[in-house]
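# Reading the structure
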Amino acid sequence: MAVNTTPESPLPVGEVSRLIGGWIDRLGAVWVEGQITQLSRRPGAGVVFLTLRDPSYDISVSVTCYRQVFDAVADVVSEGARVVVLAKPEWYAPRGQLSLRAAEIRPVGVGELLARLEQLKKALAREGLFAPERKKPLPFLPQLIGLVCGRASAAERDVLENARHRWPAVRFEVRNVAVQGVHAVPQVVQAVKELDAIDDVDVIIVARGGGSVEDLLPFSDEQLIRTVAQCRTPVVSAIGHEPDNPLLDHVADLRASTPTDAAKKVVPDVGEEYERVRLLRDRARRCVAALVEREERGLAHALARPSIEDPHRMIDERADHVAELLDRGRRCLRHQLDRADSELTHTHARVVALSPAATLKRGYAVLQKADGHAVRDPVEVEAGEALRARVSEGEFSVRVDT
């Protein structure tokens, strides 16, 4: 419930602390999960002091419990262990400090951790964070590789040595982080974000050596998984050994069984590439030689054809054929003309023989009336009528007597 105050009537610090304590006292007990980062067990003291930290975020809270509460789990709980605590929030008014009073502490077993990881895995898979279509292809030859690993670790040495042995010119941008414990998740997340923000980084490798399930838990953290899923740079997971399978393997664009395997998958081998180039060059040379040889054979075959070897042969053959056809045409035309001339001569002779002029030449005459009509019957003329007589050599006038 809000408290009414003004600059003229403020509340004393003690009253504010008392009110906060009253509000917190009304809170009930809650079950809290976290990782123990500090553990203080003073000899002879009846109270044990713990610091409980959220593994995914930089948030801690102080926890106190009676010694007999902690002694029940003292053999299986130490710094770095994950526990579930039944505690009631308490407010220490003199210092204005919040803490939790634990009534029960339960260690989180491996089986329970694995069950939770399986539930988280299914939830993230339903969101599509592990979908194959989200995977980004790795560059063939990365110029700058981002490496997230432990300081002076075997994983760092394996990646650097194997990568430079395979391709001596490769460059690395290394971020050394805690790879287990309470600081692992925030440091790895920060390192991945920093490398992803560098434009020259072509691929990011997150590497760690083998370890127990608890040691590898940071690489199954939901915050890290979502950070990797949002990266624009391809990410390679190289955590532990072949049997190890943290959730980072599923969201990464490529899973490597070991850090050494990551170097082999990310960086090509210069000797293998030289050999591949040599083989491809030989193959290309053979292909070109075979192509040139095939074209030479085709050219030789084309040049051996009669039309190419003697281009005028076909023309000459056609010329002879044309000359033969021309001669034949001339003969046929001459024969047709001769026959037509003979028929014309014969017809001319018949026409001449049958013409009136030929009859007149034989001594006959044609009588014509004044209108030019030929007289064919004596009844057509009258006595004293003037007629004209046509003979072979001309014509003259005659008169009908009786």
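Presented here is a report on the structure given in the accompanying data block. The model shown is predicted, which means the values in this text are computed figures rather than measured ones.

## Thoughts on the pairing of strand E13 (residues 394–399)
Relative to E13, strand E12 (residues 386–391) runs antiparallel, the two being bridged by six bridges. Across the sheet, the residue bridging to Leu387 is Val398, located in E13. Linkage of E12 to E13, two consecutive antiparallel strands, is achieved through a turn of two residues.

## Looking at the sheet that holds strand E5 (residues 97–107)
Within a sheet, each strand pairs with its neighbour through backbone hydrogen bonds, oriented either parallel or antiparallel. If you walk around this closed barrel you meet the five strands as E1-E2-E3-E5-E4, and the pairing is mixed. Mean inter-strand twist for the sheet, computed between neighbouring axes without regard to direction, equals 55°. Sheet topology note: the strand E2 (residues 47–53)/strand E3 (residues 60–66) ladder contains seven bridges and is antiparallel. Residue pairing in the sheet places Arg53 in a bridge with Ser60 of E3. Its contacts with the sheet place helix H1 (residues 13–25) against strand E4 (82–92) and E5, and it is angled at close to 140° to E4.

## A look at the packing of helix H5 (residues 184–197) against helix H6 (residues 222–229)
Running from amino to carboxyl end, H5 crosses H6 at an angle of 5°, the nearest separation of the two axes being 9 Å. In this view, H5 runs roughly parallel relative to H6, as classed from their interaxial angle. Contacts from Val185, Val188, Val189, Val192 and Lys193 in H5 reach Gln223, Leu224 and Thr227 in H6. Grouping the constituent residues of the contact of H5 with H6 by class yields five nonpolar, two polar and one charged.

Procedures and definitions
- Residues numbered from 1 in each chain as written.
- Predicted model: local features only at pLDDT ≥ 70, side-chain atom pairs only at ≥ 80, totals over all residues.
- Heavy atoms only, no water.
- Pairing = 2+ DSSP bridges.
- Helix = DSSP H or I, 4+ residues; strand = E, 2+ residues; numbered from the N terminus.
- Axes fitted to C-alpha atoms, helices over the stretch in contact; angles between N-to-C directions.
- Contact = heavy atoms within 4.5 Å.
- Parallel < 35°, antiparallel > 145°, perpendicular 65-115°, else oblique.
- Nonpolar A, V, L, I, M, F, W, Y, C, P; charged D, E, K, R; others polar.

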